[in-house]
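# Chains, contacts and geometry: an overview
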Amino acid sequence: MSKTAIYPGTFDPMTHGHINIILRSAELFDRVVVAVAKSSGKNPFFELPQRVELATLALAGHANIEVVEFDGLLVDLAQQQQANIIVRGVRSIADFEYEAQMAGMNRQLMHGLETIFLTTHSEWADLSSTLVRDIARHGGDVSKFVPASIKQAILDKLA
Ligand code: COA
């Protein structure tokens, strides 16, 4: 049976930390659906369509990875995509506490939904989208943390 995993997040913007988790997931599962959440509550820097576009560009060329947007419950998307696996990256113990709570609640909402945690590569353990935006806003170089197309999009948006 083919296994589909969903990797959800706000991706505001997608960083090399996210991409590392996605590429490793694509080795483990037949199909990986990268689900870009609207996350209105986080008041995102990039609008949803641009976050989807930037993620799609960053992941182009990988046949078993697709990018979708969603605005609703993750479990509804899982049902729609016929997936019973969620992948989340954990950078630290602090991440794990929040992630374990979300995994538990999602399992309550959808019987059989499993969340698999991948530890973030040490190179990206301190990375976050907020820090990338902040570094760029103050004139720092974010080339190491995001693909060139995303760096350019941040600079264009700040200009
Ligand atoms: N490398 C680098 N950074 C990483 C990372 C990694 N591997 N994994 C996460 N991060 C960072 C992100 O950049 C982000 O940074 P930011 O806070 O500065 O923006 C932060 O960690 C967390 O972001 P993300 O992984 O995108 O999670 P999120 O908290 O923004 O999104 C959803 C969480 C979208 C999955 C969750 O809110 C959701 O499922 N929403 C749908 C509604 C729902 O079903 N709610 C009920 C849940 S029980």
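Remember, predicted model here, so these are calculated numbers, not experimental data. (Residues numbered from 1 in each chain as written. Predicted model: local features only at pLDDT ≥ 70, side-chain atom pairs only at ≥ 80, totals over all residues. Heavy atoms only, no water.)

Okay, the nonpolar core next. Ranked by size, the top nonpolar core spans 33 residues in total, and within it Met-14, Ile-22, Val-32, Val-34, Leu-59 and Val-87 carry the most contacts. Of all the secondary-structure elements, those providing two or more residues to this core are β1 (4-9), α1 (16-28), β2 (31-37), α2 (48-58), β3 (65-70), β4 (85-90), α5 (129-137) and α6 (148-158). Not counting the four nearest positions on each side in its chain, Val-87 is found in contact with Ala-5, Ile-6, Tyr-7, Pro-8, Ile-21, Ser-25, Phe-29, Ile-116 and Leu-118. Judged by nonpolar contacts, the second largest core, of 14 residues, contains Leu-74, Ala-83, Met-110 and Leu-113. (Core = buried A, V, L, I, M, F, W, Y, C linked by side-chain atoms within 4.5 Å. Buried < 20%, exposed > 50% of the residue type's maximum accessible area, 1.4 Å probe, protein only. Helix = DSSP H or I, 4+ residues; strand = E, 2+ residues; numbered from the N terminus. Contact = heavy atoms within 4.5 Å.)

Alignment of β4 against strand β5 (residues 114-119), held across six bridges, turns out to be parallel. Bridging across to β5, Arg-88 finds its partner in Phe-117. Handedness of the crossover joining β4 and β5 through helix α4 (residues 93-109): right-handed. (Pairing = 2+ DSSP bridges. Right-handed = clockwise from strand over helix to strand, strands pointing away.)

A few words now on the site of the ligand. In the region of the ligand, 24 residues are neighbours, and Thr-10, Lys-42, Leu-74, Ser-129 and Thr-130 sit closest. One of the backbone nitrogen or oxygen atoms of Leu-74 is found 2.9 Å away from an oxygen atom of the ligand. Separating an oxygen atom of the ligand from a side-chain N or O atom of Arg-91 is a distance of 2.9 Å. Protein contact buries 82% of the 960 Å² of open area that the ligand shows by itself. (Near = heavy atom within 4 Å. Polar contact = N/O pair within 3.5 Å; in protein donor to acceptor, adjacent residues only side chain to side chain. Areas by Shrake-Rupley, 256 points an atom, 1.4 Å probe, with all protein chains shown as cover.)

Taken in spatial order, the five strands line up as β3-β2-β1-β4-β5 in an open sheet, and their pairing is parallel. Both outer strands of the open sheet, β3 and β5, are each paired with one neighbouring strand and no more. Strand-to-strand twist of the sheet, defined as the mean angle between neighbouring strand axes without regard to direction, takes the value 30°. Two elements, β2 and β3, share six bridges in a ladder whose sense is parallel. In the sheet register, Val-32 faces β3, and the bridge partner there is Ile-65. Strands β1, β2, β3, β4 and β5 of the sheet are contacted by α1, whose axis makes an angle of about 120° with β5. (Axes fitted to C-alpha atoms, helices over the stretch in contact; angles between N-to-C directions.)

Of all the seven residues making up β2, six are buried; the element is thus mostly covered by neighbouring parts of the structure. In the sheet, β1 pairs with β2 via six bridges, with the strands oriented parallel. Directly across from Thr-4, in β2, lies its bridge partner Arg-31. The handedness of the β1 to β2 crossover, carried by α1, is right-handed. Following the chain from β2 across α2 to the adjacent parallel β3, one finds a crossover that is right-handed.

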